[in-house]
Amino acid sequence: MSVAGTPASETLRLDGVRKSYGLGTPVEAEVLHGIDIGLKAGEFAALIGPSGGGKSTLLNIIGLLDQPTRGKVWIQGIETDKLGDAERTRLRGRTIGFVFQYHYLLPAFTALENVMMPILAVRGHPDGEMRERAALLLDQVGLTPWKDHKTNDISGGQQQRVAVARSLAMNPALVLADEPTGNLDTNSADGVFDVLRAVNESSGTTFLIVTHDPRLAQRCDRIIELVDGRIVADRPNRDVVRRSGAAFSESAGARPPS
């Protein structure tokens, strides 16, 4: 099966992606079986499925942290299997943001300094523009009053918001969120999810969110289900579409504030 559209028109496209381990050995095992996915700019999609079904492996391939055994991956129209290691690293750093279940913040640094880190890795030294960018992102996720706090001195929900801001530092086209609310209580999880959605709506960033939380999956525009290494369902979330349409009609097309 081929996904609709063309690689150049999509933020992400996977075509026939397969992944095997133990190649050429008696224990060779294929864990992804011909995955086809296309995500356009601004999509907000959930990736769901049971543990051990291949979600983390798939996310690593999409994030250019691993390579498929067979098949092709395009990011922003670029065919990634034709890139060398250094080119893949540059593409990943400039076009993909990551949010993990654990925030992986540096406790010795402030929230502002943590958000600056991806830019610092590229530029090599801090500057005023970098600080302004980090401050703007922390304001976007509602953390301006805590921007100068060390990350061990803020709550778990706030730490995850810092991680979201950090993922946006390079203005990526695609954000991959792997169980971003998995370690949070329900209220904090809802708050972090609201931030992800607000960023999606205000900036047009494409999101692919791995979650085991059916409540959160049902708030995404599209739900992709992966079971035993195969896409078994890929459907628009009609409830979200209907609610969005109703809100659009009531507001005469005004976008909700981020």
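Each value, and the rule that gives it
Residues numbered from 1 in each chain as written. Predicted model: local features only at pLDDT ≥ 70, side-chain atom pairs only at ≥ 80, totals over all residues. Heavy atoms only, no water. Helix = DSSP H or I, 4+ residues; strand = E, 2+ residues; numbered from the N terminus. Contact = heavy atoms within 4.5 Å. Areas by Shrake-Rupley, 256 points an atom, 1.4 Å probe, with all protein chains shown as cover. Buried < 20%, exposed > 50% of the residue type's maximum accessible area, 1.4 Å probe, protein only. pLDDT = per-residue confidence, 0-100. Salt bridge = Lys/Arg side-chain N within 4 Å of Asp/Glu carboxyl O. Patch = residues over 30% accessible without salt bridge, like charges linked within 9 Å, V, L, I, M, F, W, Y side chains within 5 Å. Phe/Tyr/Trp six-rings, centres within 6.5 Å; stacked < 30°, edge-to-face > 60°. Pairing = 2+ DSSP bridges. Axes fitted to C-alpha atoms, helices over the stretch in contact; angles between N-to-C directions.

S.K.: Just to check I follow, could you spell out the overall build of the protein for this structure?
M.R.: If you tally the helices and strands in the protein, you get eight helices and 10 strands. Here the analysis covers contacts within the protein between residues at least 6 apart in sequence; of these, 68% occur between residues at least 24 apart. Carbon and sulfur atoms provide 52% of the accessible area of the protein, an area that totals close to 12,500 Å².

S.K.: What is the right way to look at unusual backbone geometry in this model?
M.R.: Peptide bonds are, in most cases, trans, and in most cases residues other than glycine have a negative phi. The residue Q76 is not glycine, and still its phi comes out positive at about 55 degrees. Mapped onto the secondary structure, Q76 falls in the loop between β4 (70–75) and β5 (78–79). Look at Q76 and you get partly exposed, because its relative accessible area is 41%.

S.K.: Just to check I follow, could you spell out the confidence of the model for the protein for this structure?
M.R.: Regions with low pLDDT carry predicted coordinates that are not meant to be interpreted in detail. Summary statistics for the protein give a mean pLDDT of 87 and a share of 89% for residues scoring 70 or more. Residue range residues 244–258 is modelled with pLDDT below 50. Its contacts to residues more than four positions away, or to other chains, number six contacts.

S.K.: How do you make sense of the pattern of salt bridges when you look at a structure like this?
M.R.: Two side chains bearing opposite charge may form a pair once their charged atoms approach each other closely. If you walk through the whole model with that rule in mind, you get 14 salt bridges. Of the charged contacts in the structure, one is a salt bridge between E79 and K72, with a shortest N-O distance of 2.7 Å. Its relative accessible area of 17% is what places E79 among the buried residues. On the basis of relative accessible area, K72 is assigned to the partly exposed category, the value being 32%. Linked by salt bridges that have partners in common, D190, D194, D213, R215 and R219 make up one network.

S.K.: Can you help me understand helix α1 (residues 55–62) in this one?
M.R.: Residues separated by three or four positions in an α-helix point in the same direction, a consequence of the helix having 3.6 residues per turn. Across the eight residues of α1, six count as buried, placing the element largely inside the fold. Taken residue by residue, α1 has K55, T57, L58, L59, I61 and I62 as its buried positions. Positive phi shows up at L64, right after α1, with a value of about 60 degrees.

S.K.: Looking at this model, I keep getting lost on a nonpolar patch on the surface. Mind explaining?
M.R.: Together, F100, Y102 and Y104 make up an exposed nonpolar region whose accessible area comes to about 330 Å². Turning to its location among the elements, F100 is positioned in the loop between β6 (96–99) and α3 (111–123).

S.K.: Can you walk me through the packing of aromatic side chains in this structure?
M.R.: Geometrically, a pair of aromatic rings is defined through the distance of the ring centres and the angle of the planes. Following the criterion strictly, the structure yields five aromatic pairs and no others. Between the aromatic rings of F44 and F207, the centroid separation amounts to 5.5 Å while the plane-to-plane angle is 55 degrees, which identifies the pairing as tilted. Here F44 is found in strand β3 (residues 44–48), whereas its partner F207 is found in strand β8 (residues 206–210), with 163 residues between them in sequence. Per residue, the accessibility class of F44 equals that of F207, and both read buried. Consider the rings of F98 and F100, whose centres lie 5.8 Å apart with planes at 5 degrees: the pair is stacked.

S.K.: What is the right way to read the pairing of β4 from this model?
M.R.: In regular strands, side chains alternate between the two faces of the sheet. Both strand β1 (residues 12–21) and β4 contribute to a ladder of five bridges, which runs antiparallel. Following the sheet pairing, L12 is matched in β4 by I75. Here β4 runs beside β5; their pairing, made up of two bridges, is antiparallel. By the bridge assignment for β5, W74 is matched with E79.

S.K.: I'm lost on the sheet that holds strand β9 (residues 222–227) in this one. Help?
M.R.: Each strand in a sheet pairs with another by means of backbone hydrogen bonds, the pair being arranged parallel or else antiparallel. In space, the six strands of this open sheet follow the order β6-β7-β8-β3-β9-β10, with mixed pairing throughout. In this open sheet, the two edge strands, each paired with only one partner strand, are β6 and β10 (230–236). Along the sheet, successive strands turn relative to each other by an average axial angle of 15 degrees, direction set aside. The pairing of β3 with β9 spans four bridges and is classified as parallel. Counted as the bridge partner of L47 is I224 from β9.

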